[in-house]
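# Examination of the molecular architecture
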Amino acid sequence: MFDLFGKLTQIQQKMKEGKERLAKVTLEGEAGDGAVKVAVDGNRQVKSIEIAEHLFTPEHKEEMEDLLLTALNRALKNAENSWEAEMKSAAGGMLGGLL
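Computed from a predicted structure; not experimentally measured.

### Comments concerning the overall build of the protein chain
- Looking only at helices and strands, one finds two helices and three strands in the protein chain.
- Ordered by position in the sequence, the α and β elements of the protein chain form the string α-β-β-β-α.
- Rg of the C-alpha trace for the protein chain: 19 Å, well past the compact-globule value of 13 Å for 99 residues, more than 25% over.
- A principal-axis box enclosing the C-alpha atoms of the protein chain has dimensions of 70 × 20 × 15 Å.
- Burial statistics for the protein chain: of 99 residues in total, 26% are counted as buried.
- Taking contacts inside the protein chain between residues at least 6 apart in sequence as the whole, the part at least 24 apart equals 51%.
- With an accessible surface of roughly 6900 Å², the protein chain has 54% of that area assigned to carbon and sulfur atoms.
- Charge separation in the protein chain, taken as the distance between the mean sites of 13 positive and 17 negative side-chain charges, equals 12 Å.

Procedures and definitions
Residues numbered from 1 in each chain as written. Predicted model: local features only at pLDDT ≥ 70, side-chain atom pairs only at ≥ 80, totals over all residues. Heavy atoms only, no water. Helix = DSSP H or I, 4+ residues; strand = E, 2+ residues; numbered from the N terminus. Rg over C-alpha atoms; globule rule 2.2 N^0.38 Å. Buried < 20%, exposed > 50% of the residue type's maximum accessible area, 1.4 Å probe, protein only. Contact = heavy atoms within 4.5 Å. Areas by Shrake-Rupley, 256 points an atom, 1.4 Å probe, with all protein chains shown as cover. Lys, Arg positive; Asp, Glu negative; His and termini not counted. Charge placed at Lys NZ, Arg CZ, Asp CG, Glu CD.

Scope: geometric values only; no functional claims are made or implied.
Structure below.
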């Protein structure tokens, strides 16, 4: 007989392990030819932001904001892709073709 509770417990454990692995992964996004760089972990937590000095002037405020948004979105998209792949890997083998 198919042990659904046992399978769900295994999936939960695999997902927990996946999240722990993702916490150790660093993904980056950048914008403006590297003028703004953002690093996040695989769980989508921002770890660092680097901004080129030339952007710290009043006339570059809007440019810096746009570049920061772009870099953050790129880093978070990379983290999202990594997270999805890890969770599918964790659960996919146990649920067959459902994921």
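Alright, that's what it looks like, and here's the rest.
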